[in-house]
Amino acid sequence: MFALRRQTIRKFPLARFQSTFKIPEMQKGVIFETHGGPLEYKDIPVPKPKPTEILINVKYSGVCHTDLHAWKGDWPLAVKLPLVGGHEGAGIVVAKGESVTNFEIGDIAGIKWLNGSCMSCEFCENGDESNCLQADLSGYTHDGSFQQYATADAIQAAKIPKGTDLAEVAPILCAGVTVYKALKTADLKAGQWVAISGAAGGLGSLAVQYAKAMGLRVLGIDGGDAKKGLFNQMGGDVFIDFTKFPKDKPEEMTAAIQEATNGGPHGVINVSVSEAAISQGCDYVRPTGKVVLVGLPAGAVCKSPVFQHVVKSIQIKGSYVGNRADTREALQFFSEGKVKSPIKIIGLSELPKAYELMEQGKILGRYVVDTSY
Amino acid sequence: MSEIPKIQKGCIFYENGGEIIYKDIPVPVPKANEILINVKYSGVCHTDLHAWHGDWPLDTKLPLVGGHEGAGVVVAKGANVTNFEIGDYAGIKWLNGSCMGCEYCQQGAEPNCPDADLSGYTHDGSFQQYATADAVQAARIPKDADLAAIAPILCAGVTVYKALKTADLRPGQWVAVSGAGGGLGSLAIQYATAMGLRVLAIDGGDEKGDLCKELGAEVYVDFMKEKNIVKTIQDATNGGPHGVINVSVSELAISQSCDYVRALGKVVLVGLPAGAVCKSPVFQQVVKSIEIKGSYVGNRQDTAEAIDFFVRGKVHCPFKVVGLSELPHVFKLMAEGKILGRYVLDTTC
């Protein structure tokens, strides 16, 4: 168990900023050459920002399950190889390309999943930049935040207020934005029930808090007492421990969830890595309810019996990170102290250990890597 | 005023999948909240075939008089009925009655009422000459309406109209209608066109193709001829349709629609093939950010709006009239996929 960090410990010493930074040629980063191959903590070159990019001295980066999927090559989308992963990076702008007008040296910036997009297709036009067919993805098609210096398109890079605790804010950049957007996608009203499937993981623990801040009643599903303890700490209302129900009789857990919510939750946010859990949400969701898909288990298929889907008139909606406005809004909740990811800080060099624990389902909240060791 | 008979003709069956018998059956007596309708015409919906077979995980009453697209004249009413008069035209829809007190009824989602009473499923329906319906749910039909032509609107029309509303599209966007040459599909093309959408129709064979184009589809895709139907549809719509209305009886077609729909698009499920499961790869659904929405008949407001499009001449279901006694033959053609548009039964023969 770890205690939630207090914000004051990690406040960045603004007084020591200089108007220009000395940018090294080489840096430390974690890079891999093949899927599932060794993750090497080594010296790699510091990238140069393009005219439209900023160069961020990444101080902290969250570790997301997506990064594990990227390393293993789980998804039907090719990564760049070799690859520096990571897409929850928070740091300081140390250099900028000549076209950049919206960041100054010394500003705090964040690297999100969407590193850059084309800004001229129908999706970008509508603020759906993540769905751009030419999307450039941090830690996937663009070297990401598991290094000390990383580049990001200045339009997409997140603006973070001065004085923010960088370790604390890192998980908001992906996990926070993603669950916040998922809750918006669920389109619920204050007072309604939302079920968070995978309620005590990196995304789940934030989802519970955003949901409470949005006035919802929260039912959490996860496994074991440690996860239950964290869920209660985050302010959730009812916890369902999936390990306590028979696997071969899913209808029993479905019945328990429907009873606890007097008819089924109005919305379900799927942030677990279980394919079965996803389809089960279609069974326990309330009629006219919304099932939101967020988590991406390798090869998973959501199976919804058509008769039930129609007669209950349910909706299954895919929700994918969030746009710049969602990012700003999600960060606002954080700045107001309404959400805080329970983090554990380790060195960047210890990233493989984080992946191991993640695969075993043993992470409560989020691991954040400190790029200085 | 003509007298209401005690005995009438109707099509009844005693077991799911058993013989459908055209015979003399009693005329029902309306409850205090019901009207008695002299059904002149009834559409035949694929649901009626599913009900007869017992295809669905919901029990029918047995014995059962099927049918839920009945259009006729009010000949009697219960003591509590205030919104219909004898002689009014009325329609029997899928939803015969609901509780009007649960959270779903309170919000106008009456078809989702857990105590819903369903015409031609849990309540004897419109394949008879006289049928009862809860006066709150019975559809209002204008006095001068063509009862044979309006019958299919009561379920097929309402259902596809609501499905198009559910797809939440803007005029100028593309909608694909999967099963566009059938009873629901043929109406979907017309409602979509009336709503300003561009229509890509999917069905099988040249005859269905001709019908779809006649009714206003801009593009016809023949699933029997296409080698790579997903690519064909995406190319024709410059990236995939913004919405898809699934009104076919094919499980495969449903899952395919998740593949060809545009990013951020809406796939609407309407048709209910026996035991069908919609299989959507999670990665694709999230990264394309698509929505899969179930749409189920429509409420009273949807019904009024759908009828209004018909009354203004914007939609017309291509139909063929046969006698009520020929229902088994209609079911046979339906099972073989041979029906273009709708069959409507004349209850007098």
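Remember, predicted model here, so these are calculated numbers, not experimental data.

## Considering the overall build of chain A
Thought 1: A count of helical and extended segments in chain A gives 11 helices and 19 strands.
Thought 2: For a compact globule of 373 residues, the expected C-alpha radius of gyration is about 21 Å, and chain A comes in at 20 Å, within 12% of that figure.
Thought 3: Expressed along its principal axes, the backbone C-alpha trace of chain A runs to roughly 60 × 45 × 40 Å.
Thought 4: Evaluated residue by residue, chain A yields a buried proportion of 59% over its 373 residues.
Thought 5: In chain A, 72% of the contacts between residues at least 6 apart in sequence involve partners at least 24 apart.
Thought 6: On chain A, the mean spot of the 40 positive side-chain charges and the mean spot of the 38 negative ones are 6 Å from each other.

## A word on helix α5 (residues 183-194) of chain B
All names here are of chain B.
Thought 1: In this model α5 runs 17 Å from its N-terminal to its C-terminal C-alpha over 12 residues, within 8% of the 16 Å that 1.5 Å per residue would give.
Thought 2: Counted residue by residue, α5 has 10 buried out of 12 residues, so it is predominantly covered.
Thought 3: Those residues of α5 not exposed but buried are G183, L184, G185, S186, L187, A188, I189, Q190, Y191 and A192.
Thought 4: Packing partners of the buried residues in α5 comprise α4 (156-167), β11 (174-178), β12 (198-203), α6 (206-215), α10 (300-311) and β19 (342-346).
Thought 5: Count one or two residues on from α5 and you reach G196, which has phi positive near 85°.

## Section: the confidence of the model for chain B
Thought 1: Residues at a pLDDT of 70 or more form 99% of chain B, whose mean pLDDT is 96.
Thought 2: Reported for the predicted complex are a pTM of 0.92 and an ipTM of 0.93.

## Side note on the side chain of A:S313
Thought 1: Structurally, the position occupied by A:S313 is in the loop between α9 (306-311) and β17 (315-318).
Thought 2: The buried category is assigned to A:S313, whose relative accessible area is 12%.
Thought 3: Excluding residues within four positions of it along the chain, A:S313 makes contact with A:T288, A:G289, A:Q308, B:N112, B:G294 and B:Y296.

Conventions we followed
- Residues numbered from 1 in each chain as written.
- Chains lettered and ligands numbered in written order.
- Predicted model: local features only at pLDDT ≥ 70, side-chain atom pairs only at ≥ 80, totals over all residues.
- Heavy atoms only, no water.
- Helix = DSSP H or I, 4+ residues; strand = E, 2+ residues; numbered from the N terminus.
- Rg over C-alpha atoms; globule rule 2.2 N^0.38 Å.
- Buried < 20%, exposed > 50% of the residue type's maximum accessible area, 1.4 Å probe, protein only.
- Contact = heavy atoms within 4.5 Å.
- Lys, Arg positive; Asp, Glu negative; His and termini not counted.
- Charge placed at Lys NZ, Arg CZ, Asp CG, Glu CD.
- Expected span 1.5 Å × (residues − 1).
- pLDDT = per-residue confidence, 0-100.

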